[in-house]
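# Coordinate analysis (summary)
In case you want the letters, here they are:
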Amino acid sequence: MKIDLTNTTSGKINAALMAARRASGSTAAGMVLTLVIVTDEGSAYDALKAANDASREHPSRTLAVIKRAGRSPRARAETRLDAEVLVGSDAGSGETVVLRMHGELAAHAQSVVLPLLLPDAPVVVWWPDNAPLHPAQDPLGALAQRRITDAVTAESPVGQLAQRAQSYTPGDTDLAWTRITGWRSMLAAALDQRPSTITSAVVEGESYNPSVELLGLWLHNRLHVPVERVVTNGPGITAVHLRTTNGDITLDRPDGLMGTLSMPGSPDRQVALKRRETSELIAEELRRLDPDDIYAAAVRTPVDRLKEPDNAEQAAANAVAAEVATEVVGEASTQAPAQEGEQVANPARVTAEAAPGTAKKTAGKRTAKKAGA
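What comes next concerns the included structure. Here the structure is a predicted model, which is why all the values come from computation and not from measurement.

We now examine the sheet that holds strand β5 (residues 95–102). Here 8 strands make up an open sheet; going across it, the order is β1-β4-β5-β3-β2-β6-β7-β8 and the pairing mixed. For this open sheet the edge positions go to β1 (2–5) and β8 (172–174), each flanked by a neighbour on one side alone. Along the sheet, successive strands turn relative to each other by an average axial angle of 15 degrees, direction set aside. With 4 bridges joining them, β1 and strand β4 (residues 80–87) adopt antiparallel strand pairing. Opposite Leu5, over in β4, you have Ala83 as the bridge partner.

Shown next, in the form of structure tokens:
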């Protein structure tokens with residue numbers, strides 16, 4: 001059921017919700033929390049779809065706050081509240097209210113949202129993008145027990161992590177952290193199965209993905225070992241190597257679907273590490289409403305604790321040169337057999353992007369890529 005309300009008030013919206021509930025044959029709410037989504041028209045559809053999917057696990061009242069302050073002085077002077085009330089199959093397993101606030105009302109969204117919150121139920125605020133610098137100090141964020149941001153949508157994702165560390169308040173979290181839950185679980189389980197002395201670690205992934213940094217910071221914080229951050233072509237995180245006294249423990253996921261866990265003295269195992277949808281990430285965050293101390297410790301660890309490979313540029317250049325040499329040798333071998341005693345060198349494994357003007361000049365348009373990325 002969908003009810004459109006134009007130039008309305010919070011009281012009328014509450015009345016419409018009650019009427020829709022009666023029409024559906026149920027006067028009980030049966031919802032466990034209120035999810036407030038602060039977004040714009042461009043991101044509203046995807047955010048609401050993710051929230052509706054998550055509501056099947058966590059029945060909730062979803063309030064989508066869309067601020068439309070207006071571009072002209074006349075539009076900004078007009079104060080109006082429009083709403084769409086969705087109940088039933090259109091709203092997943094809960095209720096959805098889309099609030100469009102025009103003019104000066106957009107600066108006082110909390111006054112509209114507050115009467116619509118479920119009584120005696122937790123409140124979660126989610127910014128799919130354009131999150132405030134201090135979520136806990138935001139008028140809407142101050143109403144919530146949990147505040148969810150997403151650093152990957154920022155212009156500078158890694159810089160956003162520094163901002164999140166500076167403004168952290170118990171109850172804050174970020175979807176960049178939620179995305180590495182599977183990686184953290186697999187690595188912790190591997191160390192439980194084969195306790196070893198970790199000497200160092202390497203995390204490989206895309207350059208603009210803050211989850212790679214958070215995973216490296218978590219390893220550094222928990223293991224107290226140096227962690228190297230290597231740039232690959234993705235998708236997302238591609239591999240983690242834990243250097244131990246008995247050999248490397250490696251979790252490799254080159255395709256974003258299945259990972260391979262390798263441990264010394266054990267056969268390789270396939271593990272599920274599929275990149276999850278936003279609805280799954282939100283559902284995970286709604287399972288716990290207490291402060292995440294592990295996230296707090298990781299995000300507060302300075303990003304400069306992660307080391308870049310000292311010879312990344314030279315290694316990439318050498319690898320491309322080796323690839324060119326291998327191709328030349330391969331072409332020559334088709335014309336004449338190799339002489340006795342001659343050896344063909346295998347190209348080195350590339351674990352970092354070639355810097356502009358080095359490896360790219362050596363191989364023309366060829367690009368150095370990590371094996372399996």
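In this section: the environment of Arg179. Note that Arg179 resides in the loop between α6 (175–178) and α7 (181–193). For the pair Arg179 and Pro210, spaced 31 residues apart in the sequence, the C-alpha separation amounts to 9.9 Å. If we ignore the near neighbours within four places in the chain, the residues touching Arg179 are Asp150, Val152, Ser211, Arg276 and Leu281. Here the side chain of Arg179 touches Asp150 through a polar contact of 3.0 Å, side chain to side chain.

On to the packing of helix α5 (residues 157–166) against helix α8 (residues 210–223). As a packed pair, α5 and α8 sit with axes 8 Å apart at the nearest point and diverge in direction by 50 degrees. Between α5 and α8, the crossing angle belongs to the class labelled oblique. For the pair α5 and α8, the crossing hand works out as right-handed. Only Pro210, Glu213 and Leu214 of α8 make contact with α5, whose side of the interface consists of Pro157, Val158 and Leu161. Broken down by class, the residue content of the contact of α5 with α8 amounts to 5 nonpolar, no polar and 1 charged.

The next point concerns the pairing of strand β12 (residues 247–252). Direction of pairing for strand β11 (residues 237–244) relative to β12: antiparallel, over a ladder of 6 bridges. Of the residues in β12, the one forming a bridge with Leu242 is Ile249. What sits between β11 and β12 in their antiparallel hairpin is a turn of 2 residues. With 3 bridges connecting them, β12 and strand β13 (residues 258–262) associate as antiparallel partners. Residue pairing across strands places Thr250 opposite Ser262, the latter belonging to β13.

A few words now on the packing of aromatic side chains. Counting across every chain of the model gives 2 aromatic pairs. Taking the centre distance of 5.7 Å and the plane angle of 55 degrees together, the rings of Trp177 and Tyr295 count as tilted. On the criterion of sequence distance, the pair formed by Trp177 in helix α6 and Tyr295 in helix α10 (residues 293–299) is long-range, its members being 118 residues apart. For Trp177, a relative accessible area of 2% corresponds to the buried category. For Tyr295, a relative accessible area of 1% puts it in the buried group. A connected cluster of aromatic rings, assembled from ring pairs, spans Tyr168, Trp177 and Tyr295.

Among the 8 residues of β4, 8 are classified as buried, and the element is accordingly described as predominantly covered. Where burial is concerned, the two faces of β4 agree: the one with Arg80, Asp82, Glu84 and Leu86 and the one with Leu81, Ala83, Val85 and Val87 are both buried.

One number sums up the size of the largest pocket: a volume of about 720 Å³. Contributing to the lining of the largest pocket are 33 residues, with Arg179, Arg276, Glu277, Thr278 and Leu281 lying nearest its centre. Elements supplying a minimum of two residues to the lining of the largest pocket: α2 (41–55), α7 and α9 (278–285). Considering each element in turn, the lining of the largest pocket owes the most residues, 6 residues, to α2. Within the lining of the largest pocket, the residues separate by chemical class into 13 nonpolar, 9 polar and 11 charged.

Scoring rules and cut-offs
- Residues numbered from 1 in each chain as written.
- Predicted model: local features only at pLDDT ≥ 70, side-chain atom pairs only at ≥ 80, totals over all residues.
- Heavy atoms only, no water.
- Pairing = 2+ DSSP bridges.
- Helix = DSSP H or I, 4+ residues; strand = E, 2+ residues; numbered from the N terminus.
- Axes fitted to C-alpha atoms, helices over the stretch in contact; angles between N-to-C directions.
- Contact = heavy atoms within 4.5 Å.
- Polar contact = N/O pair within 3.5 Å; in protein donor to acceptor, adjacent residues only side chain to side chain.
- Parallel < 35°, antiparallel > 145°, perpendicular 65-115°, else oblique.
- Left-handed = near helix turned anticlockwise from the far one by under 90°.
- Nonpolar A, V, L, I, M, F, W, Y, C, P; charged D, E, K, R; others polar.
- Phe/Tyr/Trp six-rings, centres within 6.5 Å; stacked < 30°, edge-to-face > 60°.
- Buried < 20%, exposed > 50% of the residue type's maximum accessible area, 1.4 Å probe, protein only.
- 1 Å grid on protein atoms, 1.4 Å probe; cavity = no way out; pocket = protein on both sides within 12 Å on 5 of 7 lines; lining within 4 Å.
- Points joined across faces, edges and corners; volume = space filled by probe spheres on them.

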